[in-house]
Amino acid sequence: MDYLTDPLLLSRLQFALTTAFHITFPTLTIGLGVYLVCLEALWLKTRDLAYFRQFRFWSGLFAVNFAVGVVSGIPLEFQFGANWGPFSATVGNFFGQILGFEGTMAFMLESAFLYIMLFGWKRVGPRMHFFATIMVAFAASLSAFWILVANSWMQTPSGGHLAGGIFVVDDYLAAVFSPDLPLAFTHMYLACLSVSLFVIGAVSGINLLLGRHPAFFLRSFKFAAIAALVVTPLQAFVGDLNGQEIGRLQPAKVAAIESHWDTNQPGQGAAWNMVAWPDPANERNSFEISIPYALSLLITHSPTGIVPGLKDFPKEDRPPIVLPFYSFRLMVGVGGMMVAVMAWTLWWWRRGRLTLARASENKPLYLAWALMAGGAYLAVVMGWVTREVGRQPWLAYGLIRTEGGHSANLSAGEVGLSLVGFIVAYTLLSAAFLFFMGKLLRRGPNMDEMPPAGHLPGRTAG
Amino acid sequence: MTLADVWYWILAFLLWLYVFTDGFDLGVGILCLLEKSEARHNVMVESIEGVWHANQTWLVMLGGVLFGAFPLVYGTVLAALYLPAGFLLFALMARGIGIEYRAEVADKWFWTKVFGWGSVAVTVAHGILLGGILQGMAFDGLRYVGGSFDWFSPFTILLTATLLCLYPMFAAAWLVFKTEGGLQDTARIWGLRFGSGAVGCLVLLVGYILLDGHLGHLVGRPGRAGLSPGFILLLVVAVLNAALYFRALGKGWERRPLMYSAVMLLFVFLAFGTSLFPMIVPPGVTAESAASPAPMLRIMLYVIGGFLPVVLFYNAYQYRVFRGKAVPEDEV
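Okay, so let's go over this structure.

Rules and cut-offs
Residues numbered from 1 in each chain as written. Chains lettered and ligands numbered in written order. Predicted model: local features only at pLDDT ≥ 70, side-chain atom pairs only at ≥ 80, totals over all residues. Heavy atoms only, no water. 1 Å grid on protein atoms, 1.4 Å probe; cavity = no way out; pocket = protein on both sides within 12 Å on 5 of 7 lines; lining within 4 Å. Points joined across faces, edges and corners; volume = space filled by probe spheres on them. Nonpolar A, V, L, I, M, F, W, Y, C, P; charged D, E, K, R; others polar. Helix = DSSP H or I, 4+ residues; strand = E, 2+ residues; numbered from the N terminus. Phe/Tyr/Trp six-rings, centres within 6.5 Å; stacked < 30°, edge-to-face > 60°. Buried < 20%, exposed > 50% of the residue type's maximum accessible area, 1.4 Å probe, protein only. Contact = heavy atoms within 4.5 Å. Buried area = accessible area lost by both parts, 1.4 Å probe. Salt bridge = Lys/Arg side-chain N within 4 Å of Asp/Glu carboxyl O.

All names here are of chain B. Approximately 1200 Å³ is the volume found for the second largest pocket. Taken together, 47 residues form the lining of the second largest pocket, with Leu15, Leu130, Ile133, Leu134 and Phe269 sitting closest to its centre. Each residue belonging to the lining of the second largest pocket can be placed in one class, and the counts come to 43 nonpolar, four polar and no charged.

With that out of the way, let us pick up empty space enclosed by the protein. What the rule picks out here adds up to five cavities of 30 Å³ or more. Taken together, 14 residues line the largest cavity, and the ones lying closest to its centre are Glu46(B), Ser47(B), Gly50(B), Lys178(B) and Phe322(B). For the lining of the largest cavity, the elements supplying multiple residues, two or more each, are helix H2 (38-49) and helix H7 (154-178) of chain B. Looking at the lining of the largest cavity, the element that brings in the most residues is H2(B), giving four residues. Grouping the constituent residues of the lining of the largest cavity by class yields six nonpolar, three polar and five charged. Computed from the structure, the second largest cavity encloses a volume of approximately 80 Å³. Lining the second largest cavity, in full, are Gln14(A), Phe78(A), Gln79(A), Ala82(A), Asn83(A), Ser418(A), Phe422(A), Tyr82(B), Ala85(B), Gly86(B) and Leu89(B). Among the secondary structure elements, those contributing two or more residues to the lining of the second largest cavity are helix H2 (49-83) and helix H12 (412-443) of chain A together with helix H5 (82-102) of chain B. Across the lining of the second largest cavity, the residue classes tally to six nonpolar, five polar and no charged.

To continue, consider the packing of aromatic side chains. Residue and element names in this part refer to chain A. All told, the structure shown has 62 aromatic pairs over all chains when counted by the stated rule. With 6.0 Å between their ring centres and 80 degrees between their planes, Phe94 and Tyr172 make a pair best called edge-to-face. Of the two residues, Phe94 is situated in helix H3 (residues 85-119) and Tyr172 in helix H5 (residues 172-176); the sequence distance between them amounts to 78 residues. On the accessibility criterion, Phe94 (0% relative accessible area) is buried. What makes Tyr172 buried here is its relative accessible area of 18%.

Attention shifts here to the interface of chain A and chain B. Facing 68 residues of chain A, the contacting portion of chain B comprises 57 residues. If you sort the residues of chain A by the area they bury against chain B, Met108(A), Tyr115(A) and Arg123(A) come out on top, with a joint share of 13%. Run the count over chain A and chain B and you get zero salt bridges. Only H2, H3, strand S2 (166-169) and H12 of chain A provide two or more residues apiece to the side of chain A that touches chain B. Among the elements that line the side of chain A that touches chain B, the one with the most residues is H3(A), at 24 residues. Grouping the amino acids of the side of chain A that touches chain B by side-chain chemistry returns 43 nonpolar, 17 polar and eight charged.

So, in structure tokens, the structure goes:
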């Protein structure tokens, strides 16, 4: 049990665990925030009370989700200083500044306007309330942008060089807009939208299945379905672009994700390992099922494109293989299933099954959506596992090694204690979150709720 | 004044803002433990419902600014104070979840306790972290050479006790401002008691610094006995504001106790802040030596310095939206 006495490994485990837990919450708030903006816009435009009640119901979910997102997110910022001190000291002048921007521009904005959005109906007029909702959604997305700026810089550190133990920025904009950023942000943003749409669709579907408030939930189900019809295939497309980009930017990562050992000879295609079990000691796979030419096609979009194998990289620069290999396949598999569920939804919709009269007949479809909501979360976490484990053995790719960035004064006992603390705290948090989420869902929307007087148009109020 | 100095004072300003604003809502949590009536708990929590979250966010901003402007401090101090920093995080979770989920249940007893004890724990963590830094840390250059429990000292215990009185003192002033009737009367009594406790602890703290002899850097006399005239002057102004606080409570004024307690804290901060300056981590690390390169500090000053007034403006707007006396069950 060597790994239990290695503070570095414990710190990595702790960061992985806390991030994986945390990421699931903002993922939903980002997409749900956009949905709330749409709902309020529709409410203001049509003055149809159905939209107001939609807003109230989904904003309740937003609030419970946001609460856990915040409390689980604060530890991340602090771990950089506490567990990754030398890394923070080296790159903080840029990296820390970006996190500072996130706090100042985005997080503060969200915190301030969230309570106006949730509790301010009586206190502000319709325009101001709508503005608050837009600010909440905008801030959530802006947060994602700055966090991805920081993370993409770790993947493709650019715009500066190391000198005298610190990262010196030469070209500020090049550091902010590192090569990995545009596609990584797009990919993650679409992931947030997908998760949210599948959660909205799943919650609506389960309620339709139980026959509760069919008119209300058919409306939200259709909204989620229309939006997901656009987002899901788009995500598959962006994911593919992202794969090619990573092939150019981080070839060792792609080699590890695919357990690809030998660079293909010119004129020959690299095979894609559908399933494999790597044997790093002997630099080969002890078992593999592969499709010829497929890897070259995937990464270079040419059947004989060159894809560097793991053997091209020094042993000490190779990432772990098993974890990224399988996490990547899980992510892609779920993505494929999502596209299939969308095709199914479209098919049944066109056959006229998504009407109030027949809403209760679509049980298998609703169950598929519920499954895909869980799958969407799984895909996000697996995507991040692929991205971050594939970044190893570097903290900042090619610039700072993971072991060099770890706080040397920490003992395994200290990190172990905090790790156990996080496991206990996050388990309790999850239990409380699920309990309250369940309560909220069982209670359902309040179908008699009326907006406060100032928010009603004259004719309805009179 | 160099850019590093500017950031030292921005950091001090953010710390003051955080300690005061989150201080009063943490204090509300602590006072909930002293109050039995659930109806009163509801009003007390309602009074901070719309703002506590934004108050806490100053800590996130503080972390970000420290990380960006003084990365060498961020990367060493948090690692050196690993256990108390971790404790702060768990305490913040308990407090946050306590207050959020309290609103969702019918039987509020349990979550009120989580909120209350979470608030106590956050306050204790503040005391240990601040004390651990202020009393001086064993650095060899920028490498921490002390132990994991160096923060444990009579000084940190005294500082923690001070905060445990100070936060409820702010909270009492806040409740006088935000509530009425019997609860407001009780809040005045809390204000008198915890205010006296806070002033008493502060005097003990300065007394201890004088006796100890190693803490001269906190009072403008590094390595020497006594207090610097500047420190004495600022501390006297702080105590004067405490006196005004008591007078305002006695007169039944509603806004001024809160105002005076904020100004009192400001002068306490100025007294210690000017004494420490330009040290950022005593005894040896100056702001200049731990700061980011000047061009980066300049960019950060343009961006965060430009945004800070906007942030303060919409925070003020938020307080305006949630102005007036707190009443329970103020839904929609």
